[in-house]
Amino acid sequence: MPWTNAEQPKRVSFIYRTFGSPQSSLEMVVRALPPRAHDSFRVRVSHVPVNPSDLIPITGAYAHRISLPGVAGYEGVGQVIEAPDGLSHMVGRRVLPLRGEGTWQTHVDCPVHHAVEVPDSVPDLVAARAYINPLAAATMLQLWPVRDKVVLLSGAGSSCAEHLGRWAIRQGAKRVLGIYRSACRKDRLHQMGIEPISTYDLSAVSNASALADIVFDALGGDVARSVLELMRGETDFVAYGLLTGKPVMIGAGIRARYHRFHMRDHFSVLAGKGMQTAFSHIWPLLAETPPSTPRVFPAQEWRQALAGIEKPGGQKPILDLSSLS
């Protein structure tokens, strides 16, 4: 969409006016930049990741709590370019603009108490992915401690599962096993200390399910159900993702304790200083065990980035919004 008023401030946004396939529903548009709210930072966004969690809402999966038109994206990193009175020292600092507007746009206004400052030692490509998956993994490991336990991960090639696996090992898990789909994930899981199990090796999946003290499930669907049915009593099954697009069917005879984890249920606890405290623990973890190397796409190549996330075993895509400046 062309911009015709050169005097009015503008921003480029990725919006969706209807629910459907992200490739068809998303559009990159130039819009007027509204006045900044007095209690917000204005952040010029540089990099945003492309996660399944960013794309699923566009399909209409959460239509009951989304008002259209919507702006895509839940996380990213950028530089503060405007600040409220008394916080001018933050201008020029890098922050994660959390829980404000959708992040897939060149400028985001973020409430001051939801902005998390990024340490100078953390690169943009790590900081851009520091919110959704690391925070979820760290929170789950607090809720369900893993010391001296056998941990089983489904969807072990996903970003959140990688954090769960590496940090579970760090926290003293007895063993960490990971169910993967794409063969190219096997070597990386080995390197991280996660024992890889192919989703097609039904015998190995069954044995791991019976052995596990705690399961963190990113898949849902048939794999999750088969794992849950084989778990022992007094064990825990934590469902935190639906990468298959199918829920976990819970039937009679389930012995394990079933838990559903939604990160949004914990935001009220993490608001304000709680969020800052949470990240004070996450930054050192990311420095010690950084996420896998992403593939960076100029924002104009967003369709290629979306296609990249659909390829099993591919590099995690990141959009470079600075290319739109």
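Conventions used here
Residues numbered from 1 in each chain as written. Predicted model: local features only at pLDDT ≥ 70, side-chain atom pairs only at ≥ 80, totals over all residues. Heavy atoms only, no water. Helix = DSSP H or I, 4+ residues; strand = E, 2+ residues; numbered from the N terminus. Expected span 1.5 Å × (residues − 1). Buried < 20%, exposed > 50% of the residue type's maximum accessible area, 1.4 Å probe, protein only. 1 Å grid on protein atoms, 1.4 Å probe; cavity = no way out; pocket = protein on both sides within 12 Å on 5 of 7 lines; lining within 4 Å. Points joined across faces, edges and corners; volume = space filled by probe spheres on them. Nonpolar A, V, L, I, M, F, W, Y, C, P; charged D, E, K, R; others polar. Core = buried A, V, L, I, M, F, W, Y, C linked by side-chain atoms within 4.5 Å. Contact = heavy atoms within 4.5 Å. Pairing = 2+ DSSP bridges. Axes fitted to C-alpha atoms, helices over the stretch in contact; angles between N-to-C directions.

Digging into helix 5 (residues 159–170)
Helix length check: helix 5 (12 residues) gives 17 Å between terminal C-alpha atoms against 16 Å at 1.5 Å per residue, within 8%. Within helix 5, 9 of the 12 residues are buried, which leaves it mostly tucked inside the rest of the structure. Residues of helix 5 that are buried include every one of Cys160, Ala161, Glu162, His163, Leu164, Gly165, Arg166, Trp167 and Ala168, and no others. Gly172, located one to two residues past helix 5, shows a positive phi value of around 95°.

Looking at empty space enclosed by the protein
Gaps left between atoms are located by rolling a probe of water-molecule size over the structure's atoms. One pass over the full model with this rule turns up 2 cavities of 30 Å³ or more. Put simply, the largest cavity is a space of about 60 Å³. Lining the largest cavity are Asn51, Glu75, Arg129, Asn133, Pro134, Ser159, His163, Pro291 and Lys316. Counting residues per element, the ones that place at least two in the lining of the largest cavity are helix 4 (132–143) and helix 5. Looking at side-chain class alone, the lining of the largest cavity contains 2 nonpolar, 4 polar and 3 charged residues. Together, Arg129, Ser159, Glu162, His163, Arg166, Pro291, Ser292 and Lys316 line the second largest cavity. Broken down by class, the residue content of the lining of the second largest cavity amounts to 1 nonpolar, 3 polar and 4 charged.

As for the nonpolar core
Grouped together as the largest cluster of nonpolar side chains are 47 residues, with contacts concentrated most on Leu96, Met140, Leu164, Phe216, Tyr240, Phe279 and Trp283. The set of elements that each furnish at least two residues to this core consists of helix 3 (124–127), helix 4, strand 9 (150–154), helix 5, strand 10 (175–180), helix 6 (186–192), strand 12 (214–217) and helix 10 (273–288). Examining the composition of this core, we find that 7 residues originate from one element, helix 10, more than from any other. The residues touching Phe279, leaving out its near neighbours within four places in the chain, are Leu96, Leu98, Val116, Ala130, Tyr131 and Pro284. Counting 22 residues, the second largest nonpolar core, distinct from the first, contains Val48, Val108, Phe297 and Leu319.

Comments concerning the sheet that holds strand 2 (residues 26–32)
Spatially, 3 strands are ordered 2-1-4 in an open sheet, and the strand pairing comes out antiparallel. The sheet is open, and its two borders are formed by strand 2 and strand 4 (70–71), each paired with just one other strand. Inspection of the sheet shows strand 1 (residues 10–16) paired to strand 4 by 2 bridges, in the antiparallel sense. Along strand 4, the bridge assignment pairs Ile15 with Val71.

With respect to the sheet that holds strand 11 (residues 195–198)
Spatial ordering of the open sheet is given by 11-10-9-12-13-14, a layout of 6 strands whose pairing is parallel. In the strand order of this sheet, the two ends are held by strand 11 and strand 14 (257–260), each with one partner. Strand-to-strand, the axes of this sheet are offset by a mean angle of 20°, without reference to chain direction. Sheet topology note: the strand 13 (residues 236–239)/strand 14 ladder contains 4 bridges and is parallel. When the sheet's bridge partners are listed, Ala239 is paired in strand 14 with Arg260. Most of the contacts of helix 5 go to strand 9, to which it runs at about 170°, and overall it touches strand 9, strand 10 and strand 12.

Focus: the environment of Pro22
Examined against the element boundaries, Pro22 turns out to sit in helix 1 (residues 22–25). With relative accessibility at 14%, the residue Pro22 sits in the buried group. For the pair formed by Pro22 and Arg181, sequence separation is 159 residues and the distance between their alpha carbons is 24 Å. For Pro22, the contacting residues outside a window of four places in its chain are Leu55, Ile58, Thr59, Trp302 and Leu306.

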